[in-house]
Amino acid sequence: LAETPASTLLAGQKVIVTSGPTHEPLDPVRYLANRSSGKQGHAIAAAAAAAGADVVLVSGPVAIADPPGVTTRHVETARDMLAAVTEALPADLFIGAAAVADWRPLIDADEKIKKNGGAPPSLTLVENPDILATIAKTGPHRPKLVIGFAAETQALLDHARSKLERKQCDMIVANHVGRGSDVMGGDFNQVTLLSHSGEESWPPLRKEDVARRLIATCANLLAEQAE
Ligand code: CTP
Ligand code: CA
C-alpha cells in the first residue's frame, strides 16, 4: 500500500458519513440540539472524496459549507438522518460522526407554545433511533466497515469500548468533549481509536488531519478484508 497514491486509496468505494447535530422540534420555532459544528464529519467526507471514494454526506443543520466533490443530503432530525442514510445504502464504509440527539420531544406542537400565566410547560422526551447501531446490524447490506464516534466527558475509554460492543461496530473513535476541551466547535481533536484488535491514541491534530489519517486507516482495513 505504501506506493498507492493518496488520491486513489478509496477508489471504487462507496462511503456514507453522518455529520453535525440533529435538531428535534418542540414547536415551529423551538428545538433541542447540541454543540456539534460538523467540522470533523465534514472533514472526513472531504478526505474520503479526496481519496477517490464516492461519498454521501448526511448532515444535520450546520453553519459550514458542503464539502467539494461530495453528495450532501441535508436533514434536521435523527429520524430524517436515519432515513437518508438508509436510502444511501449500500456502502462499503459507514462513518457515524454526527452528534445525533439521543431524545426528541414527545410532542412537536403545531402552533408555538404560549405562556399562559401558569406553570412552565413540562417536556416529555422519547428516545431517538440509534443510526450507528441500526446500520451495523443491517444484515446482508451491512457496510464492510462500520465506524462510530464516542463523545464522552468522563471514563472515555471504558464508555467507548462498551459502545464498540453494544453497537456491533468495527471501530470507535473516542474523543473527550468535556467543558473546556474545545473539541465541539473547535478546529482540533485528540482521538483514540478502539477496535477488537486493540487501541491507538493519536496526538492532538487539526480535524482535517484526523480525517486524513482515519481515511487512510479505513483504506488499510478494507484492503486487508479484501485479501
Ligand atoms: N449515534 C447514532 N444515533 C444515535 C445516537 C448516537 O448514530 N441516536 C452514534 C453517533 O453518531 C456516534 C455513536 O453513536 O457515532 C456514539 O454516540 P454517543 O452520543 O457517544 O453515544 P450514545 O450511544 O448516544 O450514548 P451516550 O450519549 O449516552 O453516551
Ligand atoms: Ca448520545
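Definitions and limits used
- Residues numbered from 1 in each chain as written.
- Chains lettered and ligands numbered in written order.
- Predicted model: local features only at pLDDT ≥ 70, side-chain atom pairs only at ≥ 80, totals over all residues.
- Heavy atoms only, no water.
- Near = heavy atom within 4 Å.
- Polar contact = N/O pair within 3.5 Å; in protein donor to acceptor, adjacent residues only side chain to side chain.
- Areas by Shrake-Rupley, 256 points an atom, 1.4 Å probe, with all protein chains shown as cover.
- Helix = DSSP H or I, 4+ residues; strand = E, 2+ residues; numbered from the N terminus.
- Nonpolar A, V, L, I, M, F, W, Y, C, P; charged D, E, K, R; others polar.
- Pairing = 2+ DSSP bridges.
- Axes fitted to C-alpha atoms, helices over the stretch in contact; angles between N-to-C directions.
- Contact = heavy atoms within 4.5 Å.
- Donors = N, O, S within 2.8 Å, 3.2 Å for Na, K, Ca; no water.
- Phe/Tyr/Trp six-rings, centres within 6.5 Å; stacked < 30°, edge-to-face > 60°.
- Lys NZ or Arg CZ within 6 Å of the ring centre and 35° of its normal.
- Buried < 20%, exposed > 50% of the residue type's maximum accessible area, 1.4 Å probe, protein only.

Taken together, 15 residues lie around ligand 1, and Gly96, Ala98, Leu132, Lys163 and Lys167 are the ones closest in. One of the backbone nitrogen or oxygen atoms of Phe149 is found 2.8 Å away from an oxygen atom of ligand 1. Between an oxygen atom of ligand 1 and a main-chain N or O atom of Ala151, the distance comes to 3.0 Å. In the complex, the protein chains occlude 79% of the 570 Å² of accessible area that ligand 1 would expose alone. Considering every element that reaches the shell around ligand 1, the biggest residue donor is strand 9 (residues 145-152), with four residues. When the residues that make up the shell around ligand 1 are grouped by side-chain class, the tally is eight nonpolar, two polar and five charged.

Strand order in the open sheet formed by eight strands is 5-4-1-6-9-10-12-13, and the pairing between neighbours is mixed. Lying at the two open borders of the sheet, with one neighbouring strand each, are strand 5 (71-74) and strand 13 (198-201). Strand after strand, the sheet turns through a mean of 15° between neighbouring axes, direction not considered. Across the sheet, helix 2 (residues 78-88) touches strand 1 (14-19), strand 4 (54-59) and strand 6 (93-96), and the angle it forms with strand 1 is around 175°.

Right, let's talk about the coordination of the calcium ion (ligand 2) for a bit. Protein ligation of the calcium ion (ligand 2) involves Asp102 (OD) and Asp102 (OD), the donor distances falling in the range 2.5 Å. Within the element layout of this structure, Asp102 appears in the loop between strand 6 and strand 7 (103-105).

What follows covers the packing of aromatic side chains. Taken as a whole and assessed by the stated rule, the structure comprises zero aromatic pairs. Its end group placed over the ring of Trp202, Arg213 keeps NZ or CZ at 4.7 Å from the ring centre.

Summarising the element assignment, Leu10 is placed in the segment before strand 1. Judged by its relative accessible area of 1%, Leu10 falls in the buried class.

Further remarks concern unusual backbone geometry. A cis amide bond, omega 0°, links Leu89 with the succeeding residue Pro90. Looking at the secondary structure, you find Pro90 in the loop between helix 2 and strand 6. Although it is not a glycine, Gln168 sits at a positive phi angle of roughly 50°. Position of Gln168 among the secondary structure elements: in the loop between helix 4 (156-166) and strand 10 (171-176).

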